[in-house]
Amino acid sequence: MLYSCKLKSACNLPVIYNKKINTAGTSNADVPLADPGMYQLDITLRRGQSLAARDRGGTSDPYVKFKIGGKEVFRSKIIHKNLNPVWEEKACLLVDHLKEPLYIKVFDYDFGLQDDFMGSAFLDLTQLELNRPTDVTVTLKDPHYPDHDLGMILLSVVLTPKEGEHRDVQSSIHSFLHWRIYEIKTMLMRKSWKRSSKELSENEVVGSYFSVKSFFWRFQTQSLRLSDVHRKPHLWRGIVSITLIEGRDLKAMDSNGLSDPYVKFRLGHQKYKSKIMPKTLNPQWREQFDFHLYEERGGIIDITAWDKDAGKRDDFIGRCQIDLSALSREQTHKLELQLEEGEGHLVLLVTLTASATVSISDRSINSLEDPKEREEILKRYSPLRIFHNLKDVGFLQVKVIRAEGLMAADVTGKSDPFCVVELNNDRLLTHTVYKNLNPEWNKVFTFNIKDIHSVLEVTVYDEDRDRSADFLGKVAIPLLSIQNGEQKAYVLKNKQLTGPTKGVIYLEIDVIFNAVKASLRTLIPKEQKYIEEENRLSKQLLLRNFIRMKRCVMVLVNAAYYINSCFDWDSPARSLAAFVVVEDMLEDEEEEDDKDDKDSEKKGFINKIYAIQEVCISVQNILDEVASFGERMKNTFNWTVPFLSWLAIVALCAFTVILYFIPLRYIVLVWGINKFTKKLRSPYAIDNNELLDFLSRVPSDVQVVQYQELKPDPSHSPCKRKKNNLG
């Protein structure tokens, strides 16, 4: 069983070629073996030359895809309006065997439409020399029009055998192979001696040979899957904190001499999109977000500025980059970046810090079960350390034990499930359990808690080699609702978290936090999530938001009726004043409608449709925000989240005591001085409203339904299952 004990890191596997076996000799080198199958391919995408024009203006917006074995392994950034683009992007790929060529495909990016094909080429990996940098120029061709000249792509490649942890697997497998071949040949020679014949049965030779070959085919198939698991992102080495302050003198992209700018950031697979600032060339964003840093040497953050246009493709304003390897750690850097291919500057604050307490381990290795580590964690979040690192609120440990009764996603009636554990922007993964509807992972994940009002999301996927993973189920668990040390069965829900799907997942979660730090963090803006899908117009969502809004309005109407019943008398002066105000509002509305009518006459029919869709989406979002605000107010007073309700009571009591000893005018004076001097004391501080930040932590009615636990089927209970087994 030597081969099975090393399977976890078995990535270097030999491949046997279909050649005739010579059984006359005794040397075990008669069977030709390929080189070890796992290689590291480092590619630097340099630039393109004389690429094909696919846009009306005689240019293109090219980007490059790398594919191996029909699977996309790399996608470059988009270079806008350029037929000789310069990328200088690096990619590190793991190649299981060199028979599969590297396919290079170039496309022209078209916003909202299918991207145009600009040509393809392939690189034969078997022709590369090992451990030697090679400059490669490939000519792009279109298979349907082979005579067309579509330009060239320049690359630098280095192919190196993967060593280290795979070396012992390679040697053990080679030893087993040579021993097995020697055994087969010895058996065949004995049979040939007994028969006194020089000719052996072809079936015996081929059958014995294929028994060895099938053994390695099984190992190679498993190693491919394992290598795919290892490619998934795991632990990060640091955190990049970015504050987008402002833009200066941006390029005017609209006919009115202004723009509606927003900014996109990308670091590897992580993306973030800022809010849109309407009609300005000097926008003030004041947004803060974090990226995870996976590489020790840093990385490159790509930044692009865009002008939002309703109903058509957004206009490109400019781009810039941040080389993180050039920045010192544990220090805030103020950067004023000139936009290339455009005009203007972006002002940013960038801070690189060491990684937080994040880890993945087996269930047998448990931090909280070690008395010394548990005591150290409790001491770190004790009430005495209130002002030590306010961002470090608490510690979260998640044990992902197993799942039962999952949905069958494959045609074989099985699934290849793996689990993704997310806390805000922190994302960790388990390994994949193949061909199983009742997988056992037994993994322990630890996270740093920045906001005690965060929601832990655990999602189960089915791994597919040739396409994106299939969704199997999901649960969302607010940290404040967790009962420490209790193993619970959570019913998996659908993507919208509105109803159950097939299967349950068993988790054991522990939360340790500092209540004072958590209370102070409640009055600070929530952490922004990475770029998400933009809201789309949905009839059901629009109707639901309208009903929610109607409920909130009815509450206000009932309150107005109540107030009216308390003060029920006629007031001509008040009625006259209200009539004058309403009349002024209607006159202003008519003037605006006239202006809109004049502008709409200049628009085409398609633009009108897009404009109507944008308005409907805006109405849908506004209804959601207003309804959520009213529901959060209600849920604060009905103790939906006891921690927040107690915090509100404590704050009101403290304010009452302060008001008893200090006159109100002094409190208002101090508050006004603080507000007016805030920009002077901290010019780059992010604007916030403490009351709105507090309410943003209170769940709306929709979120209450999403976070609600569903009762599991009693048949999934461990005790019930044991009884059934005994019976």
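Model, not experiment: these values are computed from the prediction.

### Some words on the overall build of the protein
Point 1. When helices and strands are tallied, the protein shows 13 helices and 25 strands.
Point 2. Considering the protein as a whole, with its 727 residues, one finds that 39% of them fall into the buried category.
Point 3. The long-range share in the protein, meaning contacts at least 24 apart out of those at least 6 apart in sequence, stands at 68%.
Point 4. Summed over all atoms, the accessible surface of the protein reaches about 42,000 Å², with 56% contributed by carbon and sulfur.

### Let's talk about the nonpolar core
Point 1. In this structure, L396, V400, I505 and I509 are the most contacted members of the largest nonpolar core, which totals 38 residues.
Point 2. Contact partners of I509, with chain neighbours within four places excluded, come to L396, Q397, V398, L456, I477, I482, Q483, N484, G485, E486 and Y490.
Point 3. Among the nonpolar cores identified, the runner-up in size contains 32 residues, and I43, I68, L125 and V138 belong to it.

### A look at empty space enclosed by the protein
Picture a little ball the size of a water molecule; that probe, rolled over the atoms, points out where space is still empty.
Point 1. Applying the stated rule across the entire model yields seven cavities of 30 Å³ or more.
Point 2. Considering only enclosed or pocket space, the second largest cavity measures out at about 80 Å³ in volume.

### A short note on the layout of surface pockets
Point 1. Its volume calculated, the second largest pocket comes out at about 1,200 Å³.
Point 2. Ranked by residue count, the leading element in the lining of the second largest pocket is helix α9 (residues 642–661), at 10 residues.

### What to know about the sheet that holds strand β14 (residues 315–323)
Point 1. Ordered by their spatial adjacency, four strands build an open sheet running β11-β10-β13-β14, and the pairing between neighbours is antiparallel. Across the chains shown, the open sheet's two edge strands, defined by having one partner strand only, are β11 (270–273) and β14. Pairs of neighbouring strands in the sheet enclose a mean axial angle of 15 degrees, with direction left out of account.

### Description of the packing of aromatic side chains
Point 1. Across all of its chains, the model carries 13 aromatic pairs by this definition.
Point 2. Arranged with centres 5.8 Å apart and planes meeting at 70 degrees, the rings of F107 and F117 form a pair that is edge-to-face. You can see F107 sitting in strand β5 (residues 102–108) and its partner F117 sitting in strand β6 (residues 116–123), a full 10 residues away along the chain.
Point 3. What makes F107 buried here is its relative accessible area of 15%.
Point 4. The interplanar angle of 75 degrees and the centroid separation of 6.4 Å between the aromatic rings of F513 and F643 together place this pair among those described as edge-to-face. Placement of F513 in strand β25 (residues 500–513) and of F643 in helix α9 is noted, with a sequence separation of 130 residues between them.
Point 5. Take F513: its relative accessible area is 28%, and that puts it in the partly exposed class.
Point 6. The ring of Y262 carries K273 above its face, with NZ or CZ at 4.7 Å from the centroid.
Point 7. The positively charged end of R402 is found above the aromatic ring belonging to Y506, 4.0 Å away from the centroid.

### Quick look at the sheet that holds β6
Point 1. Pairing within the open sheet is antiparallel, and its four strands lie in the order β3-β2-β5-β6. Single-partner strands in this sheet number two, and they are β3 (71–75) and β6. This sheet shows a mean twist of 25 degrees between the axes of neighbouring strands, independent of strand direction.
Point 2. Direction of pairing for strand β2 (residues 62–68) relative to β3: antiparallel, over a ladder of four bridges.

### Things to note about a nonpolar patch on the surface
Point 1. Taken together, the side chains of V657, I658, Y660, F661, I662, Y666, L669 and I673 define a hydrophobic patch exposed on the protein surface, amounting to about 870 Å² of accessible area.
Point 2. Where the nonpolar patch is concerned, the elements lending two or more residues are α9 and α10 (664–681).
Point 3. With respect to the helices and strands, Y666 occurs in helix α10.
Point 4. Y666 gets classed as partly exposed once you look at its relative accessible area, which sits at 43%.

### Focus on the side chain of H453
Point 1. Structurally, H453 can be placed in the loop between β21 (440–449) and β22 (455–462).
Point 2. In terms of polar contacts, H453 uses its side chain to reach the side chain of T522, at 2.8 Å.
Point 3. Excluding residues within four positions of it along the chain, H453 makes contact with L480, A518, T522, F643, L644 and R697.

### Thoughts on the pattern of salt bridges
Point 1. Scanning all chains against the criterion turns up 20 salt bridges.
Point 2. A salt bridge links E336 to K334, with the nearest nitrogen and oxygen atoms 4.0 Å apart.
Point 3. Looking at E336, the relative accessible area reads 44%, which means it is partly exposed.
Point 4. According to the relative accessible area criterion, K334 is partly exposed, its value standing at 42%.
Point 5. As a salt-bridge pair, D701 and K634 come within 2.9 Å of each other at their nearest N and O atoms. Remark: K634 occurs in helix α8 (residues 605–637) and D701 occurs in helix α12 (residues 701–707); sequence separation between them is 67 residues.
Point 6. Taking the relative accessible area as the measure of exposure, K634 reaches 41% and is therefore partly exposed.
Point 7. Among the charged side chains, a network of salt bridges with common partners joins K77, E89, R266 and D302.

### Observations concerning unusual backbone geometry
Point 1. Of note, S50 is a non-glycine position whose phi angle comes to about 55 degrees, a positive value.
Point 2. Examined against the element boundaries, S50 turns out to sit in the loop between β1 (39–49) and β2.
Point 3. Under the relative-accessibility criterion, S50 is labelled exposed at 52%.

### Some points on the confidence of the model for the protein
Point 1. Taken residue by residue, the protein gives an average pLDDT of 76. The fraction at 70 or more is 71%.
Point 2. Across residues 1–36 the pLDDT falls below 50, and counting only partners more than four positions away or on other chains, this stretch makes 81 contacts in the model.

### Here's the deal with the side chain of R632
Point 1. Checked against the element boundaries, R632 lands in helix α8.
Point 2. It turns out R632 is buried and unbridged, and the closest side chain with the opposite charge, D624, is 7.1 Å from it.
Point 3. Of note is the side chain of R632, whose polar atom sits 3.3 Å from the backbone oxygen of L695.
Point 4. In this structure, R632 is in contact with L695, S696, V698, P699, S700 and Q703, ignoring residues within four places of it in sequence.

About the thresholds
- Just so you know, the residues in each chain are numbered from 1, in the order the chain's sequence is written.
- The predicted nature of this model means local features are confined to residues of pLDDT at least 70 and side-chain atom pairs, given and counted, to a pLDDT of 80 or more, with totals for whole chains, interfaces and linings taken over all residues.
- With hydrogens and water set aside, each side-chain value is computed from the structure's full complement of heavy atoms.
- Here a helix means four or more residues in a row that DSSP labels H or I, a strand means two or more in a row labelled E, and each is numbered from the N terminus.
- Only protein chains enter the accessibility calculation, which uses a 1.4 Å probe; a residue is then buried when its area is under 20% of its type maximum, exposed when over 50%, and partly exposed in between.
- Contact criterion: two residues are considered in contact whenever any of their non-hydrogen atoms come within 4.5 Å of each other.
- Note that accessible areas follow from Shrake-Rupley with a 1.4 Å probe, and for residues the cover is restricted to the protein chains shown.
- Nonpolar cores are built from buried Ala, Val, Leu, Ile, Met, Phe, Trp, Tyr and Cys residues. Side-chain atoms within 4.5 Å join them into one set.
- The method works on a 1 Å grid over the protein atoms by themselves. A cavity is a set of points holding a 1.4 Å probe that cannot get out, a pocket is an open set with protein on both sides within 12 Å along at least five of seven lines, and residues with an atom within 4 Å of a point line them.
- Grid points are joined across faces, edges and corners, and a volume is the space filled by probe spheres set on the points.
- Note on pairing: DSSP must find at least two bridges between two strands before they are called paired.
- Inter-axis angles, ranging from 0 to 180 degrees, are taken between N-to-C directions of lines fitted to C-alpha atoms, where helices are fitted over the stretch in contact.
- Note on aromatic contacts: the rings of Phe and Tyr and the six-membered ring of Trp form a pair at centre separations within 6.5 Å, being stacked when their planes are under 30 degrees apart, edge-to-face when over 60 apart, and tilted otherwise.
- Lysine and arginine charges are scored as sitting over a ring when NZ or CZ, respectively, is within 6 Å of the ring centre and within 35 degrees of the ring normal.
- Patches draw on residues past 30% relative accessible area with no salt bridge. Two like charges within 9 Å are joined, as are two nonpolar side chains (Val, Leu, Ile, Met, Phe, Trp, Tyr) within 5 Å.
- Salt bridges are defined by distance alone: a side-chain nitrogen of Lys or Arg within 4 Å of a carboxyl oxygen of Asp or Glu.
- For the purposes of these results, a polar contact is taken to be a pair of N or O atoms within 3.5 Å, where, inside protein, one atom must be able to donate a hydrogen and its partner to accept one; residues adjacent in sequence count only when each atom of the pair is a side-chain atom.
- For every residue, the predictor reports its confidence as pLDDT, a number between 0 and 100.
- For the purpose of charge, His is not counted, nor are the chain termini; Lys and Arg are scored as positive and Asp and Glu as negative.

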